[in-house]
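Structural overview
Residue-level listing of the chains:
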Amino acid sequence: MPRIPAVNINKALLVLFALVVLGMNLRSPLTAVPPVLQSIRNDLALNATLSGLLTSIPVLCFGVLTPLASLLIARIGINKSMWFTLVGTAIGILFRPYTGTLGMLAGTFLLGAALAAGNIVSLMIIARDFRQRMSMVTGIYTSSLNIGTMLTSSLTAPIALFTGWQFALASWVWLPLFALVLWLYSQRRSAPATSISPEYNPLPLQSSHPVSGIRKIAIAALSAGFVAHLFIYYGITAWLPSYLITNGGMHAATAGGIASIFQGMALLGAFGVPVLNRYIKSGYLMVAMGVCWGASILFMSFFPRLWPVWCFIGGIAQGGGFVVIFTLIMQLSPDLDDNRRISAMVQGIGYTLASLGPIVVGQFHEMSGQWRHSWECLTGVSVIMILSGVIIITIVDKTTSRIERPVEDGQR
């Protein structure tokens, strides 16, 4: 086997590092809000619905604006799309805290639009530059999402104690700026990534008609599973600190710290699932992630102070769910342009419907005055993810030779 030139390894590491810091930006602006949500509500006189919108607007943008972001990426390429993502994120972070209620919502919308493009372009970078190590790099990328959320969940509340919630939210502008510097440096060391399909050179699928039907069913199952996964994830993320304060009797900083640990535990699933995926097919892993979500919610509902238990189980579901679904998107994509379209479809449907999660959880709590009904709703949603996994087991995993093998052959 010929040796890989060292310069190629260096270029790959630079792009991987830039991808990791990009991932740290794609969720962290959202999880910076819940630890200081009560202060925001008090200062801006927000009700439960408007409070839920601070988390739901970006998620809704991930869904509604994803088709437009996909077209934008197809037109301007990966490199300029990274600029759009990171510069837009920085502007949104700075604009959001200091402009009142309307400005808060407008800045949140800008964040959602910028991050929607990042959701797609990140998977395209993995498929383009790391197709020989796709599952492993997807795990690393997913971990970076949770490292970012862990940082903002744990540190926003302590920063706010000394500087106020406005500066605490704005202080995270360094993350997108750092990612932009890394991306610019990585592109100076390698060829510009401005074209979509010529850089991929995949092998075509062997039989387009039967595979096409299977892929349609697979995309529908993936979309349903992604909806369930995200609905639970954002429903918990938006309200976990508030729940721990009221039902667990915890201080805001303590609740924020536990929420950060909950986010950080996703590293278990992000690194563990790629290893398991070598021996266990993706459908079975999706079923396992749905079961973990249901078990975690039940433990959290009945035993909020046993947070190490439900953080551990929920962490596996968080990171593992993203890895399984993102890996399946790339496995079902015969080329990079198809990756963009399938990713836009699955993420568009998933994020659009999942944006209701924080609102539904908040409304259940506001109507009943207790959290039990909110968590019962999320437990029911976890069943959808389990059923999606069953469909993938029945239809997709039994036909992997027709779907996955051409992609794997193209990776060798």
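Residues numbered from 1 in each chain as written. Predicted model: local features only at pLDDT ≥ 70, side-chain atom pairs only at ≥ 80, totals over all residues. Heavy atoms only, no water.

1. Topic: the environment of alanine 221
- Topologically, alanine 221 is positioned in helix 10 (residues 208-247).
- Residue class for alanine 221 comes out buried when judged on its relative accessible area of 4%.
- With 174 residues separating them along the chain, alanine 221 and isoleucine 395 place their C-alpha atoms 9.9 Å apart.
- Each residue touching alanine 221, except ones within four places of it in the same chain, is listed here: Ser388, Ile391 and Ile392. (Helix = DSSP H or I, 4+ residues; strand = E, 2+ residues; numbered from the N terminus. Buried < 20%, exposed > 50% of the residue type's maximum accessible area, 1.4 Å probe, protein only. Contact = heavy atoms within 4.5 Å.)

2. Details of the confidence of the model for the protein
- In this model, the protein carries a mean pLDDT of 81, and residues with pLDDT of at least 70 account for 88%.
- In the model of the protein, helix 18 (residues 400-411) stands out as the element of lowest mean pLDDT, 41, in contrast to helix 8 (residues 165-170), which has the highest, 93.
- Here residues 191-211 is a poorly scored stretch, pLDDT under 50, and it has 43 contacts once near neighbours within four places are set aside; other chains count.
- This model gives residues 400-412 a pLDDT under 50, and the stretch forms 27 contacts once residues within four places in sequence are excluded. (pLDDT = per-residue confidence, 0-100.)

3. Side note on the environment of phenylalanine 322
- Its place among the elements puts phenylalanine 322 in helix 14 (residues 307-331).
- For phenylalanine 322 and threonine 138, which are 184 residues apart along the polypeptide, the C-alpha to C-alpha distance reads 8.9 Å.
- Not counting chain neighbours up to four residues away, the residues in contact with phenylalanine 322 comprise Thr142, Phe226, His229, Leu230, Tyr233 and Tyr351.

4. A look at the nonpolar core
- Residues Ile40, Leu222, Ile236, Leu240 and Trp375 are the most contacted members of the largest nonpolar core, which totals 113 residues.
- When residues in this core are grouped by element, the largest group, 17 residues, is from helix 10.
- Apart from residues no more than four positions distant in its own chain, leucine 222 is found in contact with Met286, Ile325, Leu328, Ile329, Leu332, Val346 and Ile392. (Core = buried A, V, L, I, M, F, W, Y, C linked by side-chain atoms within 4.5 Å.)

5. Concerning a nonpolar patch on the surface
- Where nonpolar side chains cluster on the molecular surface, the patch consists of Trp83, Val87, Ile91, Phe95, Leu110 and Leu184 and spans about 470 Å² of accessible area.
- Tracing the chain through its elements places valine 87 in helix 5 (residues 66-95). (Patch = residues over 30% accessible without salt bridge, like charges linked within 9 Å, V, L, I, M, F, W, Y side chains within 5 Å. Areas by Shrake-Rupley, 256 points an atom, 1.4 Å probe, with all protein chains shown as cover. Salt bridge = Lys/Arg side-chain N within 4 Å of Asp/Glu carboxyl O.)

6. Digging into the environment of phenylalanine 326
- Inspection of the secondary structure assignment puts phenylalanine 326 in helix 14.
- The spacing of phenylalanine 326 and serine 135 is 191 residues in sequence and 8.9 Å in space, taken between C-alpha atoms.
- Those residues in contact with phenylalanine 326 that sit more than four places away from it in its chain are Leu123, Thr138, Tyr141, Thr142 and Phe226.

7. Some details on the packing of aromatic side chains
- Here the structure, examined in full by the defined rule, presents 15 aromatic pairs.
- With a centroid separation of 6.2 Å and 40 degrees between ring planes, the pair formed by tyrosine 141 and phenylalanine 326 is classed as tilted. You can see tyrosine 141 sitting in helix 7 (residues 134-163) and its partner phenylalanine 326 sitting in helix 14, a full 185 residues away along the chain.
- With centroids separated by 6.1 Å and ring planes inclined at 55 degrees, the aromatic side chains of phenylalanine 262 and tryptophan 310 adopt a geometry described as tilted. Of this pair, phenylalanine 262 sits in helix 11 (residues 252-264) while tryptophan 310 sits in helix 14, and the two are 48 residues apart along the sequence.
- Residue tryptophan 310 is classed as buried on the basis of its relative accessible area of 0%.
- An aromatic cluster of at least three residues, connected via ring pairs, comprises Phe62, Tyr141, Phe226, Tyr233, Tyr234, Phe322, Phe326 and Tyr351. (Phe/Tyr/Trp six-rings, centres within 6.5 Å; stacked < 30°, edge-to-face > 60°.)

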